[in-house]
Amino acid sequence: MRRYHLAGVGIGPFNLSLAALADPLDHLDVVLFDARPEFRWHPGLLLDGATLQVPFLADLVTLVDPTSRHSFLNYLRERGRLLPFYFAERFHLPRAEYDDYGRWAAERLPSCRFGHEVTGLRWIGGEEAFELTVAGSEPVLAESVVLGVGTQPSVPEPLRPLVSAPDVLALHAADYLAFRPELLAADRVTVVGSGQSGAEVFLDLLRSRSTVDGLRWLARTPAFAPMEYSKLGLEHFTPDYTAYFHRLPEPVRDQLLPTQWQLYQGIDAETMAEIHDELYRRSIGGGWPGAVLTPGVEVVSATGGDEIELGLRHLQQGTAATHRTSAVVAATGYADTPTGPLLHGLGDAVHRDERGRLVIGADYRVGLDVPGALFVQNAELHTHGPGAPDLGLGAWRAAAILNEVCGKPVYDLPERTAFTTFGLDQTEDQ
């Protein structure tokens, strides 16, 4: 079996960052696998005009190594688009451009193996390495493994039977573009979900339908709220805050995280302004547009057929109502892809907390009862806080993992990254 220093499972933006930063390290033998045929980033939501919510500097490498040949600026240079980008004065990239940039990087990284699904992982004591079973290929050995299997669409329990039914126009927002023609033609469409994807889907329908009568947007959150984007507020997405969050006791972390939803589940202010502008435009000449926006509401039941019936409950009023619609788009976010089947071969060697979640150290290492190093990317929201899914922390986390794998600082990471001091130093003279 071929032996590697480091193997990655999944090639989304975070493990792609790992591959890009590992590329110049000649002493490190790296391979990454992904079951998909090529790199794609939320292809069902690559709407015209939709942009990233982070600056272009949050690419695969720049915030750790701005000289890397895998940077977004080098992508522009090689595409012959550097000057147009300069004149465009863009700070936030079109989402479709980030998708193309990721594919460009993946195609030039020899460590990335698409079309190869890792189906099993176990520790081989005699080899002092993990064995990765790869569908349709020979297994490989790796001294360290990084799981970057990403997330999968999350659908609330009441809506799951509808979304899985083939004869009902109900879908997760991840499939929006595939069903967009049917949604534009439907008499009534209901978008469920208060985050950025829900706002973008609603805005696209608002702009594209000949009439907005029958268009409704429902959300559990008490308001359609903007994402925290103040400069000091954004310091929650720094390594400083990540380290502080990880040091908190587990019960405190579990209590704190739901209160921080506007850090990573809010809507960017520009999208909210565009929705209001479109509604205002449709009110010119008198009368209110027929679209209905209602926060503070959860879907408690759903039945489907030619007409979908949703049972609704208002969380503050305690009132209930029935809503009939022709189609539902569940813009209800994503959940961690289950790692249970993949980690089955490690059995009880994997440390889990009382809720069955992976125990993850400050260095992104999963607690194990074997000597090998198993790391995770974007599976540590419960231990590292709201920065876990943020693209801006991707390069830093990948570099931190590489430093651990190499046993030395191959990337120089600053000791301080925020003006805010999180927590209180007990030795401080009060």
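Just above sits the structure.
Residues numbered from 1 in each chain as written. Predicted model: local features only at pLDDT ≥ 70, side-chain atom pairs only at ≥ 80, totals over all residues. Heavy atoms only, no water.

### Topic: helix α8 (residues 239–247)
Along α8, the residues that are buried comprise Pro 239, Asp 240, Tyr 241, Thr 242, Phe 245 and His 246. On its buried face, α8 sits against α9 (250–256), α13 (381–384) and α14 (394–406). (Buried < 20%, exposed > 50% of the residue type's maximum accessible area, 1.4 Å probe, protein only. Helix = DSSP H or I, 4+ residues; strand = E, 2+ residues; numbered from the N terminus. Contact = heavy atoms within 4.5 Å.)

### Overview of the pairing of strand β6 (residues 140–147)
The two faces of the sheet receive side chains in turn, since in a regular strand these alternate between them. The element β6 is largely enclosed, with a buried count of 7 among its 8 residues. Alignment of strand β1 (residues 2–9) against β6, held across 7 bridges, turns out to be parallel. Its bridge partner lying in β6, Arg 3 is registered against Leu 141. Between strand β5 (residues 129–134) and β6, which pair antiparallel and follow one another directly, the connecting turn spans 5 residues, one of which, Gly 136, has a positive phi of 75°. (Pairing = 2+ DSSP bridges.)

### Section: the environment of Leu 183
In this fold, Leu 183 is placed in helix α6 (residues 176–185). Measuring from C-alpha to C-alpha, the distance between Leu 183 and Asp 26 comes to 51 Å, with 157 residues separating the pair along the chain. Ignoring any residue separated from it by four or fewer positions in sequence, one finds Leu 183 in contact with Leu 169, Leu 171, Tyr 176, Val 189, Leu 205, Arg 209, Ala 327 and Val 329.

### Quick word on the sheet that holds strand β13 (residues 308–314)
Taken in spatial order, the 3 strands of this open sheet run β12-β13-β14, and their pairing is antiparallel. Edge positions in the sheet fall to β12 (297–303) and β14 (320–325), since each has one partner strand and no second. Pairs of neighbouring strands in the sheet enclose a mean axial angle of 30°, with direction left out of account. Bridge count between β12 and β13: 6 bridges; the pairing is antiparallel. Bridge pairing in β13 links Thr 303 to Glu 309. (Axes fitted to C-alpha atoms, helices over the stretch in contact; angles between N-to-C directions.)

### Digging into the environment of Leu 162
Considering the arrangement of structural elements, one finds Leu 162 in helix α5 (residues 160–164). Once the C-alpha coordinates of Leu 162 and Val 300 are considered, the two residues, 138 residues apart in sequence, prove to be 13 Å apart. Other than its neighbours up to four places away in sequence, Leu 162 contacts Val 168, Ala 170, Ala 302, Thr 303, Gly 304, Ile 308 and Leu 310.

### Details of empty space enclosed by the protein
Enumeration over the complete set of coordinates arrives at 2 cavities of 30 Å³ or more. Counted as a void, the largest cavity has a volume near 50 Å³. Broken down by secondary-structure element, the contributors of at least two residues to the lining of the largest cavity are α8 and α14. Estimates place the volume of the second largest cavity at around 40 Å³. What lines the second largest cavity is simply Pro 13, Phe 14, Ser 17, Ala 58, Asp 59, Leu 60, Tyr 98, Leu 391, Gly 394 and Ala 395. Secondary structure elements with two or more residues in the lining of the second largest cavity: α1 (13–22) and α14. In terms of residues, the lining of the second largest cavity owes the most to one element, α1, which gives 3 residues. A class-by-class count of the residues in the lining of the second largest cavity yields 7 nonpolar, 2 polar and 1 charged. (1 Å grid on protein atoms, 1.4 Å probe; cavity = no way out; pocket = protein on both sides within 12 Å on 5 of 7 lines; lining within 4 Å. Points joined across faces, edges and corners; volume = space filled by probe spheres on them. Nonpolar A, V, L, I, M, F, W, Y, C, P; charged D, E, K, R; others polar.)

### So, the pattern of salt bridges
Tallied over the full model, the rule gives 30 salt bridges. Arg 207 is the partner of Glu 274 in a salt bridge, and the nearest nitrogen-oxygen pair spans 3.6 Å. Placement of Glu 274 in helix α11 (residues 269–283) and of Arg 207 in helix α7 (residues 196–208) is noted, with a sequence separation of 67 residues between them. Connected through shared salt-bridge partners, Glu 250, Asp 254, Asp 353, Arg 355 and Arg 357 make up one network. (Salt bridge = Lys/Arg side-chain N within 4 Å of Asp/Glu carboxyl O.)

### Here we look at a nonpolar patch on the surface
On the surface, a nonpolar cluster with roughly 280 Å² of combined accessible area is contributed by Leu 57, Leu 63 and Phe 91. Along the chain, the position of Leu 63 falls in the loop between β2 (30–34) and α2 (72–79). (Patch = residues over 30% accessible without salt bridge, like charges linked within 9 Å, V, L, I, M, F, W, Y side chains within 5 Å. Areas by Shrake-Rupley, 256 points an atom, 1.4 Å probe, with all protein chains shown as cover.)

### Notes on the side chain of Gln 196
Mapping Gln 196 onto the fold places it in helix α7. A relative accessible area of 8% means that Gln 196 is categorised as buried. Only 3.1 Å separates the side chain of Gln 196 from the side chain of Thr 271, close enough to count as a polar contact. The residues contacting Gln 196, other than those within four sequence positions of it, are Gln 53, Arg 95, Gln 265, Gly 266, Ile 267, Asp 268 and Thr 271. (Polar contact = N/O pair within 3.5 Å; in protein donor to acceptor, adjacent residues only side chain to side chain.)

### Section: the packing of aromatic side chains
For the structure shown, the criterion picks out 19 aromatic pairs. Look at Tyr 101 and Trp 104: their rings are 5.9 Å apart centre to centre, the planes differ by 25°, and that puts the pair in the stacked class. Here Trp 104 and Tyr 101 lie together in helix α4 (residues 95–107), a separation of 3 residues that amounts to about one turn. Each member of the pair, Tyr 101 together with Trp 104, is buried. Consider the rings of Phe 202 and Trp 217, whose centres lie 5.0 Å apart with planes at 25°: the pair is stacked. Remark: Trp 217 occurs in strand β10 (residues 215–218) and Phe 202 occurs in helix α7; sequence separation between them is 15 residues. What makes Phe 202 buried here is its relative accessible area of 0%. Put simply, the rings of Trp 41, Phe 56, Phe 72, Tyr 75, Phe 85, Phe 91, Tyr 98, Tyr 101 and Trp 104 touch in pairs and so form one group of aromatic residues. (Phe/Tyr/Trp six-rings, centres within 6.5 Å; stacked < 30°, edge-to-face > 60°.)

### Considerations on the sheet that holds strand β11 (residues 292–294)
Ordered by their spatial adjacency, 5 strands build an open sheet running β8-β15-β9-β10-β11, and the pairing between neighbours is parallel. Strands at the two margins of the open sheet, each flanked by one partner only, are β8 (170–172) and β11. Taking the axes of each pair of neighbouring strands and ignoring which way they run, one obtains an average angle of 15° across the sheet. The pairing of β10 with β11 spans 3 bridges and is parallel. Paired with Leu 218 across the two strands is Thr 294, which belongs to β11. Contacting β8, β9 (189–192) and β15 (327–330), α6 crosses the sheet at an angle of about 150° to β8.

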